[in-house]
Amino acid sequence: MKEKLSKIRVEALEQINAPDANLEEIKVKYLGKKGELTAVLRGMGALSAEERPIVGQLANEVRESIEAALNEKKSELQAKALQEQLKAEKLDVTMPGTPSPVGHIHPLTRAQRELEDIFIGMGFSIAEGPEVELDYYNFQALNIPENHPARDTQDTFYITDNILLRSQTSPVQVRVMEHQKPPIRIISPGRVYRSDALDATHSPLFHQLEGLVIDKGITMGDLKGTLEVFAKKMFGEETKIRFRPHHFPFTEPSAEVDVSCFVCGGKGCRLCKGEGWIEILGAGMVHPFVLSNCGIDPEEYSGFAFGLGIERITMARYGIDDIRLFYENDERFLEQF
Ligand code: PHE
């Protein structure tokens, strides 16, 4: 029996140290319930009382040495596997990465931010209003009653008889004046809508930037001065501005404002269509009716307002001749800005 045990030990250790050893199998084969060592222990009943403890001790030693060899081999294999994994997953963090393409802001967003910066620099703050607007704010409070011909030029999309997509940013004037006491000095950029067919110069959705200043003693001189500073900042120090008489129901007097062409300097070229001037905005002194509609006393306060088209300014600036290019998201166009 002793010889049998020694043989088991030698065999088992040999198998454990073989290069392709299957440790689980070896464990079952020698130490399992039906294993060889167990079989030897079962036969111990046949031994004499003197032999039994000696063989028992030897059997324990054999079991312990097989278990120890199995454990040692197991950690050896695990360490080896870890080394291989570390080698395979080696990462050189100093290698340059794969660049992912980064987009950039849309030319209209860029123009809007530039406009905002210019006016914030002159002490204006930004006000916002809803794009889905009440008829009252878009028209009536701005001195455009039902059936007024000015509604024709600003035909828009109606949600109900009373609710529409705003056709201009001017309703924000009314919303601000209703809630804020003068002095008021705000700009309000945003989307506006008109039911125009899409062509090279018209879009049913476009962007405006509204300006409003209300205080005691504000005059047309303040309007001209403000717009002149703005025009020089936006189009260059050489830029001149020109006021042409016009009519808006919510300003009186009203004007359309041109800037001298920043390509030809006023001589006439393709951009200004030979005119020397480019129209950029509508403006005027806020109508006394509008002030009263908003609870501001026109005897005490006066002010000016202006509204410019962000597409128009961006198109002029970059010589873009088709408004549709802004909304088609063609990267060949957008990448140029
Ligand atoms: N809201 C006018 C338009 O869309 C522009 C404007 C704004 C004119 C403010 C005067 C004062 O045509």
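Here the structure is a predicted model, which means the values were calculated and not measured.

It is not clear to me how the pattern of salt bridges should be interpreted in this structure. Could you clarify?
Side chains that differ in charge, positive against negative, can pair when their charged atoms come close. Under the defined criterion, the tally for this structure stands at 14 salt bridges. Residues Arg-63 and Glu-67 are paired through a salt bridge, measuring 3.4 Å at the closest nitrogen-oxygen approach. With Arg-63 and Glu-67 both in helix H4 (residues 51–88), this residue pair falls four residues apart, about one helical turn. Close ionic contact of Arg-151 with Asp-135 constitutes a salt bridge, the shortest N to O distance being 2.9 Å. Placement of the pair is Arg-151 in the loop between helix H6 (135–138) and strand E3 (163–165) and Asp-135 in helix H6, with a sequence separation of 16 residues. Of the two residues, Arg-151 and Asp-135, both sit in the buried class. Salt bridges sharing common partners tie together Arg-242, Arg-244, Glu-256, Asp-258, Glu-279 and Arg-312.

Whenever I open this one, the nonpolar core confuses me. Can you help?
In terms of nonpolar packing, the biggest core is built from 40 residues, with Leu-209, Leu-227, Phe-230, Ile-280, Leu-281, Phe-306 and Leu-308 touching the most fellow members. With six residues, the single largest contributor to this core is helix H8 (residues 220–235). Not counting residues up to four positions away in its chain, the partners in contact with Leu-308 are Leu-115, His-207, Gln-208, Leu-209, Phe-230, Ile-280, Leu-281 and Ile-313. One finds Leu-164, Val-176, Met-177 and Cys-294 within the second-largest nonpolar core, a separate group that totals 24 residues.

Would you explain the site of the ligand in this entry?
What surrounds the ligand is a group of 15 residues, the closest being Gln-168, Ser-170, Arg-194, Gln-208 and Glu-210. Arg-194 is positioned with one of its side-chain polar atoms (N or O) 3.0 Å from an oxygen atom of the ligand. Where the shell around the ligand is concerned, the elements lending two or more residues are strand E5 (205–215), strand E8 (277–286) and strand E9 (302–309). The class makeup of the residues in the shell around the ligand is five nonpolar, eight polar and two charged.

What counts as what
- Residues numbered from 1 in each chain as written.
- Predicted model: local features only at pLDDT ≥ 70, side-chain atom pairs only at ≥ 80, totals over all residues.
- Heavy atoms only, no water.
- Salt bridge = Lys/Arg side-chain N within 4 Å of Asp/Glu carboxyl O.
- Helix = DSSP H or I, 4+ residues; strand = E, 2+ residues; numbered from the N terminus.
- Buried < 20%, exposed > 50% of the residue type's maximum accessible area, 1.4 Å probe, protein only.
- Core = buried A, V, L, I, M, F, W, Y, C linked by side-chain atoms within 4.5 Å.
- Contact = heavy atoms within 4.5 Å.
- Near = heavy atom within 4 Å.
- Polar contact = N/O pair within 3.5 Å; in protein donor to acceptor, adjacent residues only side chain to side chain.
- Nonpolar A, V, L, I, M, F, W, Y, C, P; charged D, E, K, R; others polar.

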